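Coordinate analysis (summary)
The chain contents come next:
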Amino acid sequence: MIKVEKAGFRFKDSGWIFRNHSFHLKTGETMAILGPNGRGKTTLLKSIIGLLKITQGKITKTCDIGVVHQYSQSPFSYNVIDMVIMGRARHLGMFSSPTAKDKNLALEALELLGLIGLKDREFSSLSGGEKQLVLIARAMASGCNCLILDEPASALDFKNQDIILKTLRDITHNKNMSVLFTTHYPQHALHIADKVLLMYSPDRYEFGAATEIMDDSHLKDLYRLDIQNVHFNCNGRDIHTVVPVFS
Amino acid sequence: MMKRINKVLLISLSLFFMFSSLFGETNQKVTFFDHYNNEVTLEKPAERIITIPKPAPSMFMAVDGSSERIVGIHPGSMDAIREGIMMQMFPDAININSDIGNKGSYIPNVEEMLTLHPDIIFQWGNEGMGIVDPIKNAGLKVALVKYGDQNSLETMLNSFGSVSGKKDKVETIIAWHKSTMSQLKQKTDIIPESGKTRVIFLIRALSSLKVAGGDTYHGLCIGLAGGKNPAREIKGYKVVSPEQIIAWDPEVIFLNNFEAKLQPQDIYSNAMLAGLSAVKNKRVYRAPMGGYRWDPPNQESPLMWKWLSMIFYPDQISWDIRTEMKEKYQFLYNYTLKDDEIDAILRFRMNGISSNYQQFARTEG
Amino acid sequence: MSSISVHTGRSAVQSQPRMLIWVGLAILLGMTVLISLGIGRYHVDFFTVVKICWSRVYSSIPTWTDTDERVVLLIRMPRILMAVFAGAGLALSGAGLQGVFRNPLVGPQIIGVSSGAAFGGVLAILIWESQILTILTAFVFGLIAVVIVFIMSRTNGRSPVLMLVLSGVVVSAFFTALISLAKYVADPYDQLPAIVFWLMGSLALITYSKVVIAGIPILLAGAVIYMIRFRINILSLGDEEAESLGIKVGPTRWVLILCATLITSAVVSVCGIIGWVGLVIPHVARMITGPDHRILFPASALIGSIFFLLVDDIARGATQAEIPVGILTAIIGAPVFAVLLKRTHAGGWKND
């Protein structure tokens, strides 16, 4: 699990990006970080991953983290299986290469996500949704028990968004993993997250159960736009979601 | 009537001769063309001369028979003077100012030159105007010389002859060069092409294997001495692999004077070249060093050509090099060569281990 | 459309056992070495060459002359070995640097080592005559250049790639300027031709001892580069992604750069400047194997050695005078690179 206590971050000689934030993520829980562009979601995420060092406060991690970025920035076009095997890197010394065991773990991760048929395809030739799933498989291959994702599904079409969200939900249930993600979509948070963190401003945030604190007024405060909680029935399922009211 | 005409004639003639001898004395004006067809004029033979090309001082001293007129030389020339017999022949030469340039290049130190008040400066013309213009811009007179073949050698000698007023001596030197060439031609023409000795010249043997091609002065020397240069298709001086030398299989190799530590033993102990005829028959020789190094074009070149011809054809060609050296050194430098000095010039210590070198030994013990 | 077919076409190659690529290239190298032993200005017929080589393994009564044996074993063999080491080393270094810098336009010159080592050699030619000292000076200056790059690129305890590249450019330019200065003050009859010849690169002066002197760092550093092949895959993703995967990029990057420096310095110190091999060969290799450095590295090394060996055969065999091999690698390398780039649409690299 991840425990963040009074964490704050600023670049040298700059204003605070966030200050005095405290929250925690328990094992098996899913948490979403919400806020408009530029509020520091990604900076907070990077601090938790360890890419940035917080200026004040404490972050305690008692889990193995696997990170899933939105894109893979490599100029090279690796195969899917080679991409996923890279997830084993943290277990291999500088001079070691993956063994058959590592390759099997990678294949298992692909199987888990239903991607085994793509293993010899070039990563760059996949669709956006497939790419995101491969990156999740890569994180899974590392044997982590906490997935951290930066805006998963943000750049995908609806169908792919659904696939990603469903995958994340299945993973948490079947493998008892924790998931932490940032997102632009309160709908996604409502759909799969147990807890949410709303980042209003560097000094102001709200942390709590997703269903409780994502009411209309909080969301309007957060996004400076009218956002309505709606409930309706679709094919026998009770749906609770939020809808932005555009001008 | 006749008596009066005779008197007038006598007086006119005497007056004429008197005046002409006066003119003869005051008309010492020097005019010549340097190798690049620049006209150079001096009011009278130069008394203060600076030379930048390395072989120049030695050549000038050969022409002038003294080092008095030379006030400035290249530091590389000073090295050459110290290394060879010039020091014995012209001991005062060691006092000549050699700060007029730096060792590694031919760039002139014009301010230093100005302090020496030279009448004329000799500089290479084949290295670009960058090393000539600063001299001209300082208002100094400069004559250009060129390196590399018999023609430019003779032009350099002629320039020196004009500048020192010793044109007659230069004529004799050049005549000696030409007559030696025809003497050699007589002896070498009778050797059939197939019987000519294969000779290569290594301008570098330690830092790399670099041979002289057909169009170089060394190529010319080989030809004059009756040898055949297997590298004659190459232009200039080029690096070759040991394998190429093996393919040529030279019968004689002669070595440069530039690489200070080089000696025939270095070739004999090179495992890669062990199979060469020149190595098996021990016919590797380092070029002698007289008033100047014998391998580049210089005033003593005819001695070099004759020396070479005896090396190539020890059984067929023979000259009395030692005697000729004594004669010519007397003529050029007004110096009596001793036998020990001849041995040193001919590099007996390092060439003595090679074949047929005893033919150059002194005649009595 | 065509780019997609290229992609799927290469996927089919990928699924073939990598062993095939290894073995195929190794056999090709062996054949090239054998053929090269038979090439040269002095004619030795091919069967004699084979017999001479075989006699080292299993002694037999010579049916050839001493000269034949001398030419094959004493003159050609060390040079061929050096060409193999140098070609493999340079290509391997180039492949590693391209991965670390995530850029196909880099070769060993990006880290300043080529210019530094070149200057070291030029300085040695100016100052002293010993060949051993030339080798040493070149090697040391290659390392010095990279140390300067390291110091210059350091910001807040890290070396971002951009700073590395810029520092490399500056250091290269600095040493290149010093080389020009050295050429200017060099004796035009003695030192300048030696400097120019050395700058153009040549294996004409290779002996067994030089093969050992240069071969040891090349083999050792090359082995290390091979060992970190998987890490280079990770590094090629970019700093952030690599660190997210739990890898500190700094140490791996510097291990690669140090090894590339050792290899390049070693090559430059005995052969002068050899360009294009480190830049072009990894591209060719990547078109065959794809970007996975676990197979790209050995492929680059093997292809590099085959290519450089063939080029040096031309340099020493085509004409009486030696052709500086660095000129040939440029004349051949540049157009080949242009053609390859165009044809395969930057094969191995994603379109932006």
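Just so it is clear, the model here is predicted, and its values are computed rather than measured.

With 27 residues of chain A in contact, the opposing surface of chain C contributes 31 residues. When the residues that make up the side of chain A that touches chain C are grouped by side-chain class, the tally is 12 nonpolar, 10 polar and five charged.

So, on to the nonpolar core. Residues A:Val84, A:Ala137, A:Ile148, C:Val267 and C:Ile303 are the most contacted members of the largest nonpolar core, which totals 273 residues. At 19 residues, helix H4 (residues 66–101) of chain C tops the list of elements feeding residues into this core. Mapping this core onto the domain boundaries places at least three of its residues in each of domain 1 (30–168) and domain 2 (183–360) of chain B.

All names here are of chain C. Contact pair H4 / helix H14 (residues 293–317): the axes reach a minimum separation of 7 Å and the direction vectors enclose 140°. As the angle between them shows, H4 and H14 are arranged oblique. As H4 runs across H14, the sense of the crossing is right-handed. Partitioning the contact of H4 with H14 into residue classes produces 17 nonpolar, six polar and two charged.

All names here are of chain B. In spatial order, the strands read S4-S3-S5-S6; together these four strands make up an open sheet with parallel pairing. Each having just a single partner strand, strand S4 (70–73) and strand S6 (142–145) make up the two edges of the open sheet. Recorded for the sheet is a direction-independent mean angle of 20° between the axes of neighbouring strands. Where strand S5 (residues 120–124) lies against S6, four bridges are found, and the strand directions are parallel. Along S6, the bridge assignment pairs phenylalanine 122 with alanine 143. Those strands touched by helix H2 (residues 56–64) are strand S3 (49–51), S4 and S5, and its axis lies near 140° from that of S3. The strands touched by helix H7 (residues 150–164) are S3, S5 and S6; relative to S6, the strand with the most contacts, the crossing angle is about 155°.

This next bit is on the interface of chain B and chain C. Opposite the 23 residues of chain B that make contact, chain C presents 25 residues. Put simply, the parts of the chain that give the side of chain B that touches chain C at least two residues each are strand S9 (237–239) and helix H10 (242–248) of chain B. Take the side of chain B that touches chain C: its biggest share by element is five residues, from H10(B). For the side of chain B that touches chain C, the residue count by class is 12 nonpolar, seven polar and four charged.

The subject of this paragraph is the sheet that holds strand S2 (residues 16–25) of chain A. Residue and element names in this part refer to chain A. Within the open sheet, the three strands sit side by side as S2-S1-S4. Their pairing is antiparallel. Both outer strands of the open sheet, S2 and strand S4 (56–61), are each paired with one neighbouring strand and no more. Ignoring which end each strand starts from, the neighbouring axes of this sheet average 20° apart. Here strand S1 (residues 2–10) pairs with S4 via five bridges, running antiparallel. Residue pairing for S4: glutamate 5 is matched across the bridge by lysine 58. Relative to S1, helix H1 (residues 41–49) is tilted by about 125°, and along the sheet it contacts S1, S2 and S4.

Let us look at the packing of helix H3 (residues 100–112) of chain A against helix H4 (residues 128–141) of chain A. Residue and element names in this part refer to chain A. Their axes nearest at 8 Å, the elements H3 and H4 cross at an angle of 135°. Classified by the angle between their axes, H3 and H4 sit oblique to one another. As for how H3 packs across H4, the hand of that crossing is right-handed. Between H3 and H4, the contacting residues are Leu105, Ala106, Ala109, Leu110 and Leu112 on the first element and Ala137, Met140 and Ala141 on the second. Its residues placed into classes, the contact of H3 with H4 shows eight nonpolar, no polar and no charged.

Calculation criteria
- Residues numbered from 1 in each chain as written.
- Chains lettered and ligands numbered in written order.
- Predicted model: local features only at pLDDT ≥ 70, side-chain atom pairs only at ≥ 80, totals over all residues.
- Contact = placed C-beta atoms within 7 Å.
- Nonpolar A, V, L, I, M, F, W, Y, C, P; charged D, E, K, R; others polar.
- Core = buried A, V, L, I, M, F, W, Y, C linked by C-beta atoms within 7 Å.
- Buried ≥ 20, exposed ≤ 12 C-beta atoms within 10 Å, placed from the backbone.
- Helix = DSSP H or I, 4+ residues; strand = E, 2+ residues; numbered from the N terminus.
- Domains from an automatic or database assignment.
- Axes fitted to C-alpha atoms, helices over the stretch in contact; angles between N-to-C directions.
- Parallel < 35°, antiparallel > 145°, perpendicular 65-115°, else oblique.
- Left-handed = near helix turned anticlockwise from the far one by under 90°.
- Pairing = 2+ DSSP bridges.

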